[in-house]
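Observations on chain architecture
The primary structure of each chain is shown beneath.
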Amino acid sequence: MADPKYKRVVLKISGEGLCGEDRFGIDGDELGRIAREIKTVGDLGVELAVVVGAGNIVRGAVVAKDSDVEEVTGHYMGMLATVINALAIQDTLESIGVQTRVQSAIGMDRVCEKFIRRRAIRHLEKGRVVIFAAGTGNPFVTTDTCAALRASEVQADAVLKATQVDGVYDADPKTSPTAKLYEHLSFDEAIHKRLRVMDVSAFDLCQQNGIPVIVFNLKHPGNMAAVVRGERIGTLVS
Ligand code: UDP
């Protein structure tokens, strides 16, 4: 079989990807499915790091809008929630024999390692899946920006942005049946068309560091491995 196109990737999973139909919390079946997909990528010899969001538990801006919690506090709550998701992904991966490490941007030494770039790279070289938790450690940004930042830091070949639809469309495919899927977009197009796929800061970082982003559907079994093999799946932003 041909070598995978990408040797080291950062996979971004939204909190939404971890919950079932009720769109909140963590669903064991979803976790299991994601873990098995990740394992197939590792089995190809690809080094993989995961950045996980927390939209299934809490988003800073939403908490602040709905309560008297300050927005900054809400963002810290969101970052802490990503640690909960990271631990869930860790144990699920380990239950199927995948070695992992969780590294948090906010010190939490009873539950996981701190983010240390050189150490993260060493784990990847040893074939461990590194799960980056607590986002960037800074409020007012999202875990998409974290994925772009960590990918730049560990010199990943690509960011794999997992979504619930097949890629980037010119309109919302859930409400517009005629929405058109883009196979390829330049970073400038992705930013200027304001397609709301990733934050501008995330695209900006990937563009500066020459890291392509592949937006693909996490729900189709086999997609993740197909993306790293270089098959035309989803939307390539480069
Ligand atoms: N967050 C933050 N800094 C970061 C990453 C995340 O403040 O570097 C907070 C922010 O409030 C965000 C929440 O954590 O809304 C959850 O992350 P995100 O919205 O990216 O989760 P996703 O939509 O991917 O599930």
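The following paragraphs examine the structure supplied in this document. Please read all numbers here as calculations on a predicted model, not as lab measurements. (Residues numbered from 1 in each chain as written. Predicted model: local features only at pLDDT ≥ 70, side-chain atom pairs only at ≥ 80, totals over all residues. Heavy atoms only, no water.)

1. Considerations on the nonpolar core
Core analysis: the largest hydrophobic core is formed by 36 residues, its most contacted members being L11, I38 and L160. Those elements giving two or more residues to this core turn out to be β1 (8–13), α1 (28–43), β2 (47–52), α3 (71–95), β5 (129–133), β6 (158–163), β10 (213–217) and α8 (223–229). Looking at which element gives the most residues to this core, the answer is α3, with 6 residues. What I38 contacts, discounting residues up to four positions off in sequence, is L11, L48, V50, L93, V129 and M224. Counting residues in hydrophobic clusters, the runner-up holds 33 residues, among them A147, F187, C206 and V213. (Core = buried A, V, L, I, M, F, W, Y, C linked by side-chain atoms within 4.5 Å. Buried < 20%, exposed > 50% of the residue type's maximum accessible area, 1.4 Å probe, protein only. Helix = DSSP H or I, 4+ residues; strand = E, 2+ residues; numbered from the N terminus. Contact = heavy atoms within 4.5 Å.)

2. Some thoughts on the site of the ligand
Looking at the ligand, there are 20 residues lining it, with G15, H75, T136, N138 and T143 nearest. Residue G60 places a main-chain N or O atom 2.9 Å away from an oxygen atom belonging to the ligand. Within the contact set of the ligand, an oxygen atom lies 2.6 Å away from a side-chain nitrogen or oxygen of H75. For the ligand, the accessible surface in isolation is 520 Å², of which the surrounding protein chains cover 94%. Broken down by element, the residue count for the shell around the ligand peaks at 3 residues, all from α3. Along the lines of polarity and charge, the residues of the shell around the ligand split into 6 nonpolar, 12 polar and 2 charged. (Near = heavy atom within 4 Å. Polar contact = N/O pair within 3.5 Å; in protein donor to acceptor, adjacent residues only side chain to side chain. Areas by Shrake-Rupley, 256 points an atom, 1.4 Å probe, with all protein chains shown as cover. Nonpolar A, V, L, I, M, F, W, Y, C, P; charged D, E, K, R; others polar.)

3. Concerning the packing of α1 against α3
Contact geometry for α1 and α3: axes closest at 9 Å, N-to-C directions at 60°. The chirality of how α1 crosses α3 is right-handed. Taking contact as the criterion, the partners of L31, G32, A35 and I38 in α1 are, on α3, A88, I89, T92 and L93. For the contact of α1 with α3, the per-class residue count stands at 6 nonpolar, 2 polar and no charged. (Axes fitted to C-alpha atoms, helices over the stretch in contact; angles between N-to-C directions. Left-handed = near helix turned anticlockwise from the far one by under 90°.)

4. Regarding the packing of helix α5 (residues 143–153) against helix α7 (residues 200–208)
Relative to each other, α5 and α7 sit at 15°, their axes nearing to 7 Å. The angle between the axes of α5 and α7 places the two elements in the roughly parallel class. Remark: the crossing between α5 and α7 carries left-handed chirality. Here D144, T145, A148, L149 and S152 of α5 come into contact with α7, specifically with S201, A202, L205 and C206. In terms of residue class, the contact of α5 with α7 is made up of 5 nonpolar, 3 polar and 1 charged. (Parallel < 35°, antiparallel > 145°, perpendicular 65-115°, else oblique.)

5. Considerations on the sheet that holds β10
Pairing in this open sheet of 9 strands is mixed, and the strands run β4-β3-β5-β2-β1-β6-β10-β11-β9 from one edge to the other. Only two strands of the sheet have a single partner each, and these edge strands are β4 (113–114) and β9 (184–185). Taken together, the 6 bridges between β1 and β2 define a ladder with parallel strand orientation. By the bridge assignment for β2, V10 is matched with A49. (Pairing = 2+ DSSP bridges.)

6. Notes on the layout of surface pockets
Looking at the largest pocket, its volume works out to about 1,300 Å³. Lining of the largest pocket is provided by 49 residues; of these, R59, D144, K161, R196 and V197 occupy positions nearest its centre. The set of elements that each furnish at least two residues to the lining of the largest pocket consists of α2 (60–66), α3, α5, β6, β7 (168–169), α6 (187–192) and α7. With 4 residues, α3 is the single largest residue contributor to the lining of the largest pocket. (1 Å grid on protein atoms, 1.4 Å probe; cavity = no way out; pocket = protein on both sides within 12 Å on 5 of 7 lines; lining within 4 Å. Points joined across faces, edges and corners; volume = space filled by probe spheres on them.)

7. Topic: the pairing of β10
Burial analysis of β10 places 5 of its 5 residues in the buried class, which makes it a mostly covered element. Alternating positions in β10 separate into two faces, V213, V215 and N217 on one and I214 and F216 on the other, with burial throughout. Where β10 meets strand β11 (residues 235–237), 3 bridges bridge the pair, whose relative direction is antiparallel. Looking at the pairing, V215 lines up with T235 of β11.

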